[in-house]
Amino acid sequence: MTYRIPEDETQGYTQEQLMVIWREITNSIRVRERAFGLE
């Protein structure tokens, strides 16, 4: 994941906000049964 810092710093996210976003994304990922198994 990359994040480009906007030129206007008031429009950007703080480090804490980015960590919350990342945590929510990674917690929402679910591996399906047999997703990586032999077919």
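Refer to the structure presented above.
A. Highlighting the overall build of the protein chain. What the protein chain contains, in helices and strands, is 1 helix and 0 strands. Looking at the 39 residues of the protein chain, the share that counts as buried comes to 3%. Averaging the locations of the 5 positively and 7 negatively charged side chains of the protein chain gives two centres separated by 12 Å.

B. Here's a closer look at a nonpolar patch on the surface. On the surface, a nonpolar cluster with roughly 690 Å² of combined accessible area is contributed by Tyr3, Ile5, Tyr13, Ile21, Trp22, Ile25 and Ile29. With respect to the element layout, isoleucine 29 can be found in the segment after helix 1 (15-28). Here isoleucine 29 falls in the exposed class, since its relative accessible area comes to 53%.

C. Structural context of the environment of arginine 30. Of note, arginine 30 is situated in the segment after helix 1. What makes arginine 30 exposed here is its relative accessible area of 64%. A distance of 2.5 Å separates a polar side-chain atom of arginine 30 from the backbone oxygen of asparagine 27.

D. Geometry of the environment of glycine 12. Within the secondary structure, glycine 12 sits in the segment before helix 1. Sequence separation of glycine 12 and arginine 32 is 20 residues, and the distance between their C-alpha atoms is 34 Å. Residues within four places of glycine 12 in sequence aside, it is in contact with Tyr3, Pro6 and Gln17.

E. Structural context of the environment of alanine 35. Of note, alanine 35 is situated in the segment after helix 1. On the accessibility criterion, alanine 35 (34% relative accessible area) is partly exposed.

Conventions we followed
Residues numbered from 1 in each chain as written. Predicted model: local features only at pLDDT ≥ 70, side-chain atom pairs only at ≥ 80, totals over all residues. Heavy atoms only, no water. Helix = DSSP H or I, 4+ residues; strand = E, 2+ residues; numbered from the N terminus. Buried < 20%, exposed > 50% of the residue type's maximum accessible area, 1.4 Å probe, protein only. Lys, Arg positive; Asp, Glu negative; His and termini not counted. Charge placed at Lys NZ, Arg CZ, Asp CG, Glu CD. Patch = residues over 30% accessible without salt bridge, like charges linked within 9 Å, V, L, I, M, F, W, Y side chains within 5 Å. Areas by Shrake-Rupley, 256 points an atom, 1.4 Å probe, with all protein chains shown as cover. Salt bridge = Lys/Arg side-chain N within 4 Å of Asp/Glu carboxyl O. Polar contact = N/O pair within 3.5 Å; in protein donor to acceptor, adjacent residues only side chain to side chain. Contact = heavy atoms within 4.5 Å.

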